[in-house]
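Commentary on secondary and tertiary structure
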Amino acid sequence: MKLKKLLAETTMLLKSIPPDTTPPEIGMSVYRKVREFTGVIDPYKDIKRDSTRQALRLYPYLKSKVDASGDRLLTAIRIAIAGNIIDRGIDKDYNLKEEIDDTLQKDFALSDYDKFRRRLTKMENILYIGDNAGETVFDKILIEELKKKVLYTVRETPVINDATYEDAVEAGIDTVAGIVSSGTSAPGTILKTCNDTFRYLYKNSDFIISKGQGNYEALSHEDRPIFFLLKVKCMVIARDIGVGTGDIVLKGINV
């Protein structure tokens, strides 16, 4: 009975949302409703912890792939993108190790790697916008290869399996980067919902790395220098970028 009431209230909420609302904004509203109704702040907490522990078990394997590669930075980028498969918002079954191996061999559908590498040599500070818990371990691999000062951004409030401060620390991000909250509870970096600290950092950053589809949806039309790293998981994003579902992408804007 309680579930039926929640579904009914969520349906009414969805009907009231304007048609031009972005998926991250919709997700923010829906999960706020779920939190209010159930009183459960982080329903994915155990799933996130399990994803992180699974990824940490693969950490030595990931590092060995970087060590054995001819281009450590490019391999670390591929590994970071491979981690983007950890997404409970999509809820697709996957084998994490197979996903890594597939992504290391797959050609990029779109790659601005040369721009990424050139800009990296000129910058000392990087704002890295994270996505999902567990994926954070894969991000750590890339941060270690950037050889720069990095601020890693997490969600303020738990939403789906997106990484919060606690999730980032569990992955060991605090050993390689500073951690800052964006202030939002949306499954994407919707700037108008972010806190003043993050908006200042974002406005003044000359090198921004953005992980995942939610962040792409929220930031792809911005005028900041951003490199988007993601695995494309739906037709809407595929059409917007001009690639296919399942493709891997390193896309730079304003760079």
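Looking now at the side chain of Ser 210. The residue Ser 210 is located in strand S5 (residues 208–211) in this model. Beyond its immediate chain neighbours, meaning those up to four positions away, Ser 210 contacts Ile 129, Asn 215, Tyr 216, Leu 219, Ile 226, Phe 227, Phe 228 and Leu 229.

Judged by how many residues are buried, strand S6 (residues 226–231) sits mostly within the fold: six of six residues are covered. The two faces of S6 match: Ile 226, Phe 228 and Leu 230 on one face and Phe 227, Leu 229 and Lys 231 on the other face are all buried. Relative to S6, S5 is paired through four bridges, and the arrangement is parallel. For Ser 210, the partnering residue across the bridge sits in S6 and is Phe 228.

This part takes up the pairing of strand S4 (residues 178–181). Remark: a regular strand shows side chains that alternate across the two faces of the sheet. Pairing between strand S3 (residues 149–154) and S4: four bridges, direction parallel. Bridge pairing links Thr 153 to Val 180 in S4. This β-α-β element, S3 to helix H9 (residues 165–170) to S4, shows right-handed connectivity.

This part covers the layout of surface pockets. Approximately 230 Å³ is the volume found for the second largest pocket. What lines the second largest pocket is a set of 13 residues, and nearest its centre among them are Asn 125, Ile 126, Leu 127, Asn 204 and Ser 205. Those elements giving two or more residues to the lining of the second largest pocket turn out to be strand S2 (125–129), S3 and helix H10 (196–203). Broken down by class, the residue content of the lining of the second largest pocket amounts to seven nonpolar, three polar and three charged.

Moving on: the packing of aromatic side chains. Counted by the stated rule, this structure contains six aromatic pairs. Between Tyr 216 and Phe 228, the aromatic rings sit 5.0 Å apart at their centres with planes inclined by 80°, giving edge-to-face as the arrangement. In this pair, Tyr 216 sits in helix H11 (residues 212–219) while Phe 228 sits in strand S6, placing the two residues 12 residues apart along the sequence. Exposure class is identical for Tyr 216 and Phe 228. Each is buried. The structure contains a cluster of three or more aromatic residues connected by ring pairs, namely Phe 116, Phe 207 and Phe 227.

What counts, and where the lines are drawn
- Residues numbered from 1 in each chain as written.
- Predicted model: local features only at pLDDT ≥ 70, side-chain atom pairs only at ≥ 80, totals over all residues.
- Heavy atoms only, no water.
- Helix = DSSP H or I, 4+ residues; strand = E, 2+ residues; numbered from the N terminus.
- Contact = heavy atoms within 4.5 Å.
- Buried < 20%, exposed > 50% of the residue type's maximum accessible area, 1.4 Å probe, protein only.
- Pairing = 2+ DSSP bridges.
- Right-handed = clockwise from strand over helix to strand, strands pointing away.
- 1 Å grid on protein atoms, 1.4 Å probe; cavity = no way out; pocket = protein on both sides within 12 Å on 5 of 7 lines; lining within 4 Å.
- Points joined across faces, edges and corners; volume = space filled by probe spheres on them.
- Nonpolar A, V, L, I, M, F, W, Y, C, P; charged D, E, K, R; others polar.
- Phe/Tyr/Trp six-rings, centres within 6.5 Å; stacked < 30°, edge-to-face > 60°.

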